[in-house]
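Remarks on the overall topology
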Number of protein chains: 2
Amino acid sequence: LFEERKFLRVLSKQSVSPPPVWLMRQAGRYLPEYRELRTKAGSFWTMAMTPELACEITLQPIRRFGFDAAILFSDILVVPFALGLPVTFVEGEGPRLPAINSVDGLIRDPQAWLEALRPVYDGLAMTRAKLDAQTPLIGFAGAPWTLATYMAAGRGKDEQRAAKLWGYGDPLSFDALLDILVECVAFHLIRQLEAGADAVQIFDSWASGLPAAMFECWVIEPTRRIVEKVRTAHPDAKIIGFPRASTLEGYERYAQATKVDAISIDTAAPIHWAVRTLGGGFALQGNLDPIALIAGGDALLRATDEILDATRGLPFVFNLGHGILPDTPIAHVEQLLTRIRSAR
Amino acid sequence: LFEERKFLRVLSKQSVSPPPVWLMRQAGRYLPEYRELRTKAGSFWTMAMTPELACEITLQPIRRFGFDAAILFSDILVVPFALGLPVTFVEGEGPRLPAINSVDGLIRDPQAWLEALRPVYDGLAMTRAKLDAQTPLIGFAGAPWTLATYMAAGRGKDEQRAAKLWGYGDPLSFDALLDILVECVAFHLIRQLEAGADAVQIFDSWASGLPAAMFECWVIEPTRRIVEKVRTAHPDAKIIGFPRASTLEGYERYAQATKVDAISIDTAAPIHWAVRTLGGGFALQGNLDPIALIAGGDALLRATDEILDATRGLPFVFNLGHGILPDTPIAHVEQLLTRIRSAR
């Protein structure tokens, strides 16, 4: 068993060869079995909020590829949903929710959060029960800044603009929003750990493009408080941070200040830089270009080998730099896994 | 005169206090006089390719604000246009051009390029003649990688995907495309300098998100060759590079390898990092958040002061980290200029 759960060993800063591998959005549209289930279920949100469906979708890529970790099929917008904002998914346009410009009316009662989020925890517990014991299950949440961008804009386009205007124009009220999000995200991560998650990942998908001072107070500080709260409840909790497309200085500051166990890096962050700068104190995760996975062939093998070579002997989880894209050929995922699994 | 042309002194690595200031897209939709002229002219492309109109639009922000440099009103897609690809602008959707996946049929004859681009050079010469002598005029071009993203996708959305797939899947043919672009971009910059441009800027707007190895061969190397070609023709040419939203390591490699005179940095690149890493060998330009300029008030003043404080005593051009946005209040631009001009 210990031998098998190599993903968790890496998060404990052990080096494992070949490295464990999972792919962001591995339970998703590139899988025919996912597309088939989605046709029946109707909507993304229905799938995410129906425990049986979320469980089944989470297991699909494990059955097919035997990834070294499963990640719960869910969505970062379950937290705004728990705060009282109804979320809808418009086909081809992404999520919509009511745009807010104050914290008035947001639900702050953890008992209400629990009721709203119970389907997530039920789905997670069901998945943990069905999943083979040697495959760790990852829970996750969006980070406060990224959630704030959706809540301020009411959608996922022009993502940062509305939140930045709120934060620049009314810093006290924006801080109040981040405070509520810190509470609810920490609650959500703790509950997932208690429902059976073996590790959690915090996605700050819109962490790029922020001035350094804003990155500090909108990205790093809320995440630092979340990690602290989760560790207060569960001192051994394994936490991966993904402040996507941060500056390199941003990644470094984030890792040191938040004290996450592992840093997931995007495709542009040079793996050699990550090894040099963060490789000592943190497990690393990343960072294959999802477009190289679509391209396949020599380019994919070269990019894969470069990452494997740079991270040899270090605690490292092979992953993409961003989510797998819907039109990724299954054969290329197989090609990737064969290459990784034959690495020494 | 010498005292007045402080933008050019900064590009010669002199420190000037208060620093010169201009704003990317300063000739644009946030100006009522621009919107009025656009209503009459009909299309963006007509304005860019009609010398009298391009000249008038270039001068508008100089008349209103007295910026320390003018930048020719034009578009990076004039280079694909010269290569034989007709460009159209769909209202609200950005530019469209025929998507290509090979270099077959691209025009490689400099005489034909000259004919296609003559309106740009005529507009530039006209502007230089009308502009007061103490205000430098900046010419510009898109960098090969960014132009390749538009040419491969046929538009400006999903920008990098098609070009990455081309580059990963057929590196020889993609290199041939970059080679042609190097030739035509260098030609275009040289001609602008000969028509009266006092400096040129190379925009690599889609330089973000590239793996380090690809950044090296798709961004840095083509730009290095362009700078070399321009300097062979005009040894004293002043060149600003803007590989937007590169990683910090990317900016550093780019500056050292291409040998541009100045580096323009985006909003997320910490100004303190830029000063520490590049401040010795290169003039710096940037990097106010365009959203802070929309927000105005205390946030704008604080962000402005932070940049002014960090760059005091260094060769620095105050600018935005990205183009000024159409709904930026004129009063906030005035507030910004007052703050910069009162700096000591």
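Analysis parameters
- Residues numbered from 1 in each chain as written.
- Chains lettered and ligands numbered in written order.
- Predicted model: local features only at pLDDT ≥ 70, side-chain atom pairs only at ≥ 80, totals over all residues.
- Heavy atoms only, no water.
- Helix = DSSP H or I, 4+ residues; strand = E, 2+ residues; numbered from the N terminus.
- Rg over C-alpha atoms; globule rule 2.2 N^0.38 Å.
- Buried < 20%, exposed > 50% of the residue type's maximum accessible area, 1.4 Å probe, protein only.
- Contact = heavy atoms within 4.5 Å.
- Areas by Shrake-Rupley, 256 points an atom, 1.4 Å probe, with all protein chains shown as cover.
- Buried area = accessible area lost by both parts, 1.4 Å probe.
- Salt bridge = Lys/Arg side-chain N within 4 Å of Asp/Glu carboxyl O.
- Polar contact = N/O pair within 3.5 Å; in protein donor to acceptor, adjacent residues only side chain to side chain.
- Least-squares fit on C-alpha atoms with pLDDT ≥ 70 in both.
- Core = buried A, V, L, I, M, F, W, Y, C linked by side-chain atoms within 4.5 Å.
- pLDDT = per-residue confidence, 0-100.
- Pairing = 2+ DSSP bridges.
- Arc of directions from axis to C-beta.
- Phe/Tyr/Trp six-rings, centres within 6.5 Å; stacked < 30°, edge-to-face > 60°.

1. Things to note about the overall build of chain A
Tallying secondary structure elements over chain A gives 15 helices and nine strands in all. For chain A, whose C-alpha radius of gyration is 19 Å, the value lies close to the compact-globule estimate of 20 Å for 344 residues. A buried classification covers 62% of the 344 residues belonging to chain A. Residue pairs in contact within chain A that sit at least 24 positions apart in sequence constitute 74% of those at least 6 positions apart. Entry remark: accessible area of chain A is about 12500 Å², with carbon and sulfur atoms responsible for 52%.

2. Focus on the interface of chain B and chain A
If you look at the interface, chain B gives 27 residues, while chain A gives 27 residues. A combined buried area of about 2300 Å² lies between chain B and chain A, and 64% of that area is made up of carbon and sulfur atoms. Looking at the side of chain B facing chain A, the largest losses of area belong to Arg161, Tyr168 and Ile291 of chain B, adding up to 24% of the total buried there. The salt bridge involving Arg161 of chain B is made with Asp327 of chain A; its shortest N-O contact spans 2.2 Å. Our count for the contact surface shared by chain B and chain A stands at eight residue pairs in polar contact (both at pLDDT 80 or more). At the level of elements, helix H8 (161-169), helix H10 (212-233), helix H11 (248-258), helix H12 (271-278), helix H13 (290-295) and helix H14 (297-311) of chain B are the ones that each hand at least two residues to the side of chain B that touches chain A.

3. A few points about the side chain of Thr146 of chain B
All names here are of chain B. Looking at where Thr146 falls in the secondary structure, it is placed in helix H7 (residues 144-153). Polar side-chain contacts of Thr146 include one of 2.5 Å to the side chain of Asp204. Of the polar contacts made by the side chain of Thr146, one reaches the backbone nitrogen of Ser205; its length is 3.0 Å. Leave out the neighbours within four places in its chain, and Thr146 touches Ile76, Phe203, Asp204, Ser205, Trp206 and Ala207.

4. Remarks on the relation of the copies chain B and chain A
Of the transformation placing chain B onto chain A, the axial shift is 0.0 Å and the rotation is 180°, giving an RMSD of 0.0 Å. Put plainly, the chains are arranged around a two-fold axis. A shared interface surface links the copies, since 100% of the contact residues of chain B are contact residues in chain A too.

5. Quick look at the pattern of salt bridges
All names here are of chain A. For the structure shown, the criterion picks out 37 salt bridges over all chains. With its nearest N and O atoms 2.2 Å apart, the salt bridge here joins Arg253 to Glu216. In this pair, Arg253 is assigned in helix H11 (residues 248-258) and Glu216 in helix H10 (residues 212-233), connecting sequence segments 37 residues apart. Judged by relative accessible area, Arg253 falls into the partly exposed class, the value being 36%. For the salt bridge of Arg312 with Asp309, the shortest nitrogen-to-oxygen distance reads 3.2 Å.

6. So, the nonpolar core
Membership of the largest hydrophobic core comes to 135 residues, with the highest contact counts inside it found for Phe7, Met151 and Leu177 of chain A. Discounting chain neighbours no more than four positions away, the residues touching Leu177 of chain A are Ile100, Val103, Leu106, Ala148, Met151 and Trp166 of chain A. Of all hydrophobic cores here, the second largest spans 134 residues; its members include Leu77, Ala163, Leu193 and Val200 of chain B.

7. Examining the confidence of the model for chain A
Here chain A shows a mean pLDDT of 96. Residues at 70 or above account for 99%. As a predicted assembly, this complex carries a pTM of 0.96 together with an ipTM value of 0.94.

8. What to know about the pairing of strand S8 (residues 283-288) of chain B
Residue and element names in this part refer to chain B. Counting buried residues in S8 gives six out of six residues, a clear majority hidden from the surface. Pairing between strand S7 (residues 262-264) and S8: three bridges, direction parallel. Looking at S8, one finds that Ser264 is bridged to Gln285. Where S8 and strand S9 (residues 316-320) come together, five bridges link them in parallel fashion. What sits directly across from Gly286, in S9, is Phe318.

9. A word on helix H2 (residues 32-41) of chain A
Residue and element names in this part refer to chain A. Buried residues of H2: Tyr34, Leu37 and Arg38, and no others. The buried residues of H2 occupy an angular sector of 105° when the element is viewed end-on, so they sit on one face. Seen from the open side of H2, the exposed residues pointing more than 90 degrees away from its buried face are Glu36, Thr39 and Lys40.

10. Section: the environment of Val21 of chain B
Take Val21 of chain B: it is sitting in the loop between helix H1 (6-11) and helix H2 (32-41). Sequence-wise, Val21 of chain B and Phe316 of chain B are 295 residues apart; in three dimensions their C-alpha atoms are separated by 9.0 Å.

11. As for helix H12 (residues 271-278) of chain A
Considered for burial, the residues of H12 of chain A that qualify are Ile271, Trp273, Ala274 and Leu278 of chain A. Across the axial projection of H12 of chain A, the buried residues extend over an arc of 155°, all falling on one side. Taken together, the buried residues of H12 of chain A touch H11, strand S7 (262-264), strand S8 (283-288), helix H14 (297-311) and strand S9 (316-320) of chain A together with H11 of chain B.

12. Focus on the packing of aromatic side chains
Each aromatic ring pair is summarised here by two numbers: the centre-to-centre distance and the angle between the ring planes. Residue and element names in this part refer to chain A. What the rule picks out here adds up to 34 aromatic pairs over all chains. Ring centres 5.5 Å apart and planes at 80° place the aromatic pair Phe140 and Phe203 in the edge-to-face group. A residue pair is termed long-range when its members are at least 10 positions apart, and Phe140 in strand S4 (residues 137-142) and Phe203 in strand S5 (residues 199-204) qualify at 63 residues. Judged by its relative accessible area of 9%, Phe140 falls in the buried class. According to the relative accessible area criterion, Phe203 is buried, its value standing at 12%.

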